[in-house]
Amino acid sequence: MSRQQQQQSQGVVLTGYHSNAELLTKPGLCVPCPSGQEHHHPPAASRKAGHYSVQQNHSGLPESRHGGSVEANPSVEAQRPRSSVCSNPGSSPKQQSPNSRPRPRPACQRCNSQDSLDELEMDDYWKEVENITRSAGAAVEKNEGESQDEEQQKTPDGEQEEAWLTEAGLAQLFDDSLAADQEQEEDSAVFLSTLTRTQAAAVERRLQTLRRRNRQHLPDVRDIFRQPEKDREPREVKEGSESPPSDSNSAEPETVMNDDVAFSEQALSYRDNQHGLTNKTSPDSPDDKLPNFRLLRDKTGQTRIGHLSPLDMKKVRRLALVEVTALFDTGGIDLKAHKAVKTKSKESGLFGVPLVTLLEQDQRRVAGTKVPFILQRLINHIEEEGLDTEGLLRIPGAATRVKSLCLELESCFYDGTFPWQQLKQHDAASLLKLFIRELPHSLLTVKYLNAFIAVNKLPTKNQQLQALKLLVLLLPEANRDSLKALVEFFQRVIDHQANNKMTLNNVSVVMAPNIFMFKGCRSKVTEQQEFSMATGTANIMRLLIRYQNLLWTIPKFILSQVRQQNMESQRKQNKERAMRKLLKKITTDKPPDKAVPEESTQGFIRVLAPQFSKVSMAVELTEDLQAADILTRFLSQDSSVAVKREELCLYEIGGNIKERCLDGETYMKDLFQLNPAAEWVIKSAQ
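Residues numbered from 1 in each chain as written. Predicted model: local features only at pLDDT ≥ 70, side-chain atom pairs only at ≥ 80, totals over all residues. Heavy atoms only, no water.

1. Some words on the overall build of the protein
Here is step 1 of the chain: For the protein, the helix and strand inventory stands at 23 helices and 15 strands.
Here is step 2 of the chain: Taking as baseline every contact in the protein between residues at least 6 positions apart, the subset at least 24 positions apart corresponds to 79%.
Here is step 3 of the chain: Split by element, the accessible area of the protein, about 33,400 Å² in all, is 49% carbon and sulfur. (Helix = DSSP H or I, 4+ residues; strand = E, 2+ residues; numbered from the N terminus. Contact = heavy atoms within 4.5 Å. Areas by Shrake-Rupley, 256 points an atom, 1.4 Å probe, with all protein chains shown as cover.)

2. Comments concerning the packing of helix α10 (residues 373–385) against helix α12 (residues 425–437)
Here is step 1 of the chain: Packing of α10 against α12 brings their axes to within 10 Å, and their N-to-C directions diverge by 155 degrees. By the angle between their axes, α10 is roughly antiparallel relative to α12. Two packed elements cross with a definite hand, and for α10 against α12 that hand is left-handed. Here I374, L375, L378, I379, H381, I382 and E385 of α10 come into contact with α12, specifically with Q425, A428, A429, L431, L432 and F435.
Here is step 2 of the chain: Residues that form the contact of α10 with α12 fall into these classes: 10 nonpolar, two polar and one charged. (Axes fitted to C-alpha atoms, helices over the stretch in contact; angles between N-to-C directions. Parallel < 35°, antiparallel > 145°, perpendicular 65-115°, else oblique. Left-handed = near helix turned anticlockwise from the far one by under 90°. Nonpolar A, V, L, I, M, F, W, Y, C, P; charged D, E, K, R; others polar.)

3. Some points on the packing of aromatic side chains
Here is step 1 of the chain: Evaluation of the coordinates by the stated rule reveals nine aromatic pairs.
Here is step 2 of the chain: An angle of 80 degrees between the planes, with centres 4.7 Å apart, marks the rings of Y125 and W126 as edge-to-face. For the pair shown, Y125 and W126 are each scored as buried.
Here is step 3 of the chain: Grouping aromatic residues by their ring pairs yields a cluster made of F413, Y414, F418 and W420.
Here is step 4 of the chain: Across the ring face of Y667, the terminal group of K299 is positioned such that the distance to the ring centre comes to 4.7 Å.
Here is step 5 of the chain: We note R365 situated over the ring of Y414; from NZ or CZ to the ring centre the distance is 3.9 Å. (Phe/Tyr/Trp six-rings, centres within 6.5 Å; stacked < 30°, edge-to-face > 60°. Buried < 20%, exposed > 50% of the residue type's maximum accessible area, 1.4 Å probe, protein only. Lys NZ or Arg CZ within 6 Å of the ring centre and 35° of its normal.)

4. Re the environment of A398
Here is step 1 of the chain: The topology assignment puts A398 in the loop between α10 and α11 (399–412).
Here is step 2 of the chain: Separated by 32 residues in sequence, A398 and S430 have C-alpha atoms that sit 8.8 Å apart.

5. Focus: the state of the cysteines
Here is step 1 of the chain: Here the structure, examined in full by the defined rule, presents one disulfide.
Here is step 2 of the chain: For C649, the disulfide goes to C661, at an S-S distance of 1.9 Å. One quick way to see it: the torsion about the S-S bond of C649 and C661 is about 120 degrees, and its sign makes the bridge right-handed. A residue pair is termed long-range when its members are at least 10 positions apart, and C649 in strand β13 (residues 648–654) and C661 in strand β14 (residues 657–661) qualify at 12 residues. Taken as a pair, C649 and C661 share a single burial class, namely buried. (Disulfide = S-S within 2.5 Å.)

6. Focus: the side chain of Q199
Here is step 1 of the chain: Secondary-structure assignment places Q199 in helix α5 (residues 197–214).
Here is step 2 of the chain: The class of Q199 is buried, set by a relative accessible area of 0%.
Here is step 3 of the chain: Of the polar contacts made by the side chain of Q199, one reaches the side chain of E323; its length is 2.8 Å.
Here is step 4 of the chain: The contact partners of Q199, leaving out residues within four places of it in the chain, are T194, A262, S264, V322, E323, A326, F557 and Q561. (Polar contact = N/O pair within 3.5 Å; in protein donor to acceptor, adjacent residues only side chain to side chain.)

7. What about α10?
Here is step 1 of the chain: Spanning 13 residues, α10 covers 18 Å between terminal C-alpha atoms, matching the ideal 18 Å at 1.5 Å per step.
Here is step 2 of the chain: Buried within α10 we find F373, I374, L375, L378, I379, H381 and I382.
Here is step 3 of the chain: Structurally, α10 contributes buried residues whose contacts are with α9 (355–363), α11, α12 and α15 (477–494).
Here is step 4 of the chain: In the stretch just after α10, G386 is the one whose phi turns positive, near 105 degrees. (Expected span 1.5 Å × (residues − 1).)

8. A short note on the pattern of salt bridges
Here is step 1 of the chain: All told, the structure shown has 21 salt bridges when counted by the stated rule.
Here is step 2 of the chain: When the shortest N-O distance is used, the salt bridge between E652 and R660 registers 3.1 Å. Exposure class is identical for E652 and R660. Each is buried.
Here is step 3 of the chain: One salt-bridge network, held together by shared partners, links E167, R317 and K447. (Salt bridge = Lys/Arg side-chain N within 4 Å of Asp/Glu carboxyl O.)

9. Considerations on the sheet that holds strand β12 (residues 616–620)
Here is step 1 of the chain: Pairing is mixed in the open sheet, where five strands are placed in the order β12-β11-β15-β13-β14. Among the strands making up the open sheet, the edge pair consists of β12 and β14. Recorded for the sheet is a direction-independent mean angle of 25 degrees between the axes of neighbouring strands.
Here is step 2 of the chain: Taken together, the two bridges between strand β11 (residues 604–608) and strand β15 (residues 679–684) define a ladder with parallel strand orientation. In the strand pairing of β15, V607 is matched with W680.
Here is step 3 of the chain: Seen against the sheet, helix α22 (residues 627–637) touches β11, β12, β13 and β15 and runs at an angle of roughly 135 degrees to β12. (Pairing = 2+ DSSP bridges.)

10. What about the pairing of β15?
Here is step 1 of the chain: Bridging between β13 and β15 involves six bridges; their strand directions are antiparallel. The residue of β15 that forms the bridge with Y651 is V681.

11. Thoughts on unusual backbone geometry
Here is step 1 of the chain: Phi is positive for L393, close to 80 degrees, though the residue is something other than glycine.
Here is step 2 of the chain: Considering the arrangement of structural elements, one finds L393 in the loop between α10 and α11.
Here is step 3 of the chain: Judged by relative accessible area, L393 falls into the buried class, the value being 0%.
Here is step 4 of the chain: Non-glycine residue K501 carries a positive phi angle of around 60 degrees.

This is the structure we're talking about:
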């Protein structure tokens with residue numbers, strides 16, 4: 001067995017990061033490359049990246065760093081982390097003591113082989129991990145004797161399926177105690193009636209698993225999802241959806257994101273027509289090589305997260321859960337969810353406090369707060385000081401000073417006495433990253449963190465973006481709003497890259513370990529898996545930042561399903577009312593049900609504005625009339641309105657939607673044809 005094979009089987013311990021800057025001018029320094037590769041001598045002043053020294057570990061467990069060290073294949077070992085990205089989020093990281101004596105710097109260089117993200121950029125990733133390790137060392141030593149309450153546990157067979165069905169609002173399909181709840185049963189029936197072929201298959205698959213486990217009677221999936229013959233035919237995928245590459249050398253798939261058709265249906269069409277062709281796009285393309293995705297134009301308006309009523313958003317979330325599961329199922333990706341046990345966390349303060357707790361204490365000061373004050377203030381301070389600082393987010397602040405500032409913020413943030421004018425840029429950026437890492441639960445949540453990481457397994461950028469779009473919808477509101485504030489800030493940093501040298505890739509590789517590692521994180525994966533996970537999480541960060549304007553929107557096909565559910569519920573309610581009228585012999589002296597206003601049948605709509613002095617106005621529906629035009633006309637006719645134009649919104653209320661704030665580019669005639677029973681109301685945007 002070769003030395004490399006022995007090392008791989010016995011394990012290695014990373015003993016420290018060493019810069020190669022001083023080695024560049026020393027001739028004759030080299031490192032053994034894998035068999036079959038030539039030795040490479042360092043080119044003069046060509047590499048600035050460093051390497052990691054490794055230590056033989058015969059027991060497979062970490063040993064003292066004072067023993068002899070060996071140099072491993074630098075194309076792999078040189079990039080392995082000292083700490084880990086969270087594969088199993090929820091337990092404590094193995095950290096090295098900051099007091100450990102550093103190893104002497106070995107006289108070695110890396111090989112030239114590199115097939116991942118830019119070498120220097122990924123080197124920044126491991127430097128960031130090392131900075132995290134060093135800053136967290138004292139806290140780890142302090143808590144060494146404490147048990148980790150949040151260690152993830154694999155769920156027993158079938159429990160994951162039950163949890164999934166419950167989250168989707170379909171618990172009565174397996175829980176007999178809920179079968180007698182007629183209202184719940186009707187709600188589930190309406191929900192199931194709107195599912196697509198692939199969405200229904202996702203529910204079927206989990207019910208079948210429970211049938212095998214329980215060996216008891218559960219509803220037959222053929223009865224639940226029985227469809228008319230015409231609906232069993234494969235659906236035609238509209239223009240803009242994914243299609244197989246025309247040849248093996250084809251570039252990025254279609255850059256139009258079609259959200260008229262369910263993403264899982266598009267993925268099924270792509271898979272069935274691919275015929276063994278593999279995706280040629282790399283997850284680590286340069287910034288300027290990422291495709292310029294755009295949504296298909298929707299004349300009924302784009303719907304952003306937060307523009308729907310809570311009742312409709314609940315339906316959206318249920319549909320997003322089923323859809324993202326169907327998308328992963330279509331790709332043959334089995335998500336292994338883990339059950340996180342509740343852990344103790346601080347009930348007040350700033351760092352290490354759950355997001356929900358932070359928002360509750362901030363909302364007591366300012367109602368309606370969406371993002372914690374401390375996160376907002378740190379971002380604002382960095383921007384006020386200027387985003388042109390070179391190495392912003394990458395260069396860490398002094399660890400001792402950051403720790404002192406953290407304690408000072410805890411004690412005097414809310415009373416307004418913290419000396420912000422003395423806070424340096426790099427220290428503020430370090431505090432921002434510390435705040436994210438110290439959250440008791442991942443910003444992406446323990447429940448969905450593995451799903452975010454698994455996005456990289458999908459075959460095309462289009463499908464990866466579709467999965468991220470659905471996962472963003474599944475995040476709790478506090479997490480989703482805070483993540484949005486962060487990615488918007490990261491984009492503003494990138495906009496100043498000419499001066500701060502922080503490109504999309506730079507920001508992504510630096511922030512990935514901060515987002516995907518969090519307090520109480522430990523990895524139980526191999527080092528090679530860990531390296532793959534590092535590049536994967538950096539790619540996820542790139543997509544979240546680059547395509548944030550697409551990701552924080554609600555797909556049209558999901559909104560259409562919500563409208564179908566509302567219409568079906570109304571139909572059932574109308575049928576029940578008609579039956580009650582018949583039983584009570586209600587005659588025509590009862591006022592008739594609300595009908596479509598006569599104005600609407602004549603090509604006009606009545607726009608209401610109950611909050612303002614001009615309470616209504618009639619508007620003629622023309623082909624090019626948009627929602628923004630109605631707001632402009634309203635403001636021109638009511639000079640007493642003190643609200644700014646951007647603070648007003650035209651709402652679609654009733655009919656087949658509960659409430660929806662309209663995009664300014666919504667074509668009103670097209671929307672009226674979709675929802676003729678709606679009311680149109682101008683009010684302050686929520």
